[in-house]
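# Report on the structure
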Amino acid sequence: MSNDSSSLTAQDLEFLRRPLHGFLSVAEGPVPPQPRPVWFEATAEGTIQLFTAPDSVKVRRLRRDPRASIVVAAPVGERERWLSIAGRTTVEPDGAHELCARLAARYWDLDDPARADDLAGILATEQIRLVIHPETVSRFAY
């Protein structure tokens, strides 16, 4: 099954709320996209958000061209399923540390002192929020 739309379905949101890695690609003119694994959160409004350092390459590229996409796939051992979400991205100065803390609790065991220290280190640095506003959503599932 594969179909395209411009918004996320309830089933999409349920899938995206799992602790899966997404692969983010940003536009860069003639340079081929260079996907990077990222933590992400699907919002109730149907957007995808992630955090990053304000001086990262992806932010510089997004300021020139706000197009981005993220692909999320089910892990090995599960039936094949993936979502590809593409759209305009906004760079938001607020909410990144709160998002980071939520995602760290989702992806890491924060009772592990090393992981708690990792989170403290991230929270001690400046972070911004990237928000992908879906324009095209493609999906596949068996």
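Source: prediction; values computed, not measured.

### A closer look at a nonpolar patch on the surface
- Together, Phe23, Val71 and Trp82 line one region of the surface with nonpolar side chains, adding up to about 250 Å² of accessible area.
- Looking at where Phe23 falls in the secondary structure, it is placed in strand S2 (residues 22–26).

### Quick notes on the pattern of salt bridges
- This structure, assessed with the given rule, holds six salt bridges.
- With its nearest N and O atoms 2.9 Å apart, the salt bridge here joins Glu41 to Arg102. On the criterion of sequence distance, the pair formed by Glu41 in strand S4 (residues 41–42) and Arg102 in helix H3 (residues 96–107) is long-range, its members being 61 residues apart.
- We classify Glu41 as buried; its relative accessible area is 15%.
- Relative accessible area serves as the criterion here: at 40%, Arg102 is assigned to the partly exposed category.
- Among the ionic pairs, Arg115 bridges to Asp118, the shortest N-O distance being 3.6 Å. Residue Arg115 and its partner Asp118 are located together in helix H4 (residues 113–123), separated by three residues, close to a single helical turn.

### Quick notes on the environment of Gln49
- Looking at the secondary structure, you find Gln49 in strand S5 (residues 48–52).
- Residue classification places Gln49 among the buried positions, given a relative accessible area of 7%.
- When the C-alpha atoms of Gln49 and Asp118 are compared, they prove to be 20 Å apart, with 69 residues separating the residues in sequence.
- Apart from residues lying up to four places away in sequence, Gln49 is in contact with Phe40, Glu41, Thr43, Leu99, Arg102, Arg129, Leu130 and Val131.
- Polar contacts involving the side chain of Gln49 include one to the side chain of Glu41, which spans 2.5 Å.
- Within the structure, Gln49 has its side chain in polar contact with the side chain of Arg129 (distance 2.7 Å).

### Description of the nonpolar core
- Formed by 34 residues in total, the largest nonpolar core has its most connected members in Leu16, Ile48, Ile70 and Ile85.
- With six residues, H3 is the largest single contributor of residues to this core.
- Discounting residues that sit within four places of it in the chain, Ile70 has contacts with Gly22, Phe23, Leu24, Val38, Phe40, Ile48, Leu83, Ser84, Ile85 and Ile132.

### Some thoughts on the environment of Asp12
- Its place among the elements puts Asp12 in helix H1 (residues 10–16).
- We classify Asp12 as buried; its relative accessible area is 3%.
- C-alpha of Asp12 to C-alpha of Asp118: the two residues are 106 residues apart in sequence and 30 Å apart in space.
- Asp12 has contacts with Ser7, Arg81, Leu83, Val137 and Arg139, leaving out every residue within four places of it along the chain.

### Here's the deal with the pairing of strand S8 (residues 128–141)
- In terms of residue burial, S8 counts as a mostly covered element, since ten of its 14 residues are buried.
- The pairing of S5 with S8 spans five bridges and is antiparallel. Within the sheet, the bridge partner assigned to Phe51 lies in S8 and is Arg129.
- Pairing of strand S7 (residues 81–92) with S8, which is carried by twelve bridges, proceeds in the antiparallel orientation. Bridged to Ile85 within S8 is Val137.

Scoring rules and cut-offs
- Residues numbered from 1 in each chain as written.
- Predicted model: local features only at pLDDT ≥ 70, side-chain atom pairs only at ≥ 80, totals over all residues.
- Heavy atoms only, no water.
- Patch = residues over 30% accessible without salt bridge, like charges linked within 9 Å, V, L, I, M, F, W, Y side chains within 5 Å.
- Areas by Shrake-Rupley, 256 points an atom, 1.4 Å probe, with all protein chains shown as cover.
- Salt bridge = Lys/Arg side-chain N within 4 Å of Asp/Glu carboxyl O.
- Helix = DSSP H or I, 4+ residues; strand = E, 2+ residues; numbered from the N terminus.
- Buried < 20%, exposed > 50% of the residue type's maximum accessible area, 1.4 Å probe, protein only.
- Contact = heavy atoms within 4.5 Å.
- Polar contact = N/O pair within 3.5 Å; in protein donor to acceptor, adjacent residues only side chain to side chain.
- Core = buried A, V, L, I, M, F, W, Y, C linked by side-chain atoms within 4.5 Å.
- Pairing = 2+ DSSP bridges.

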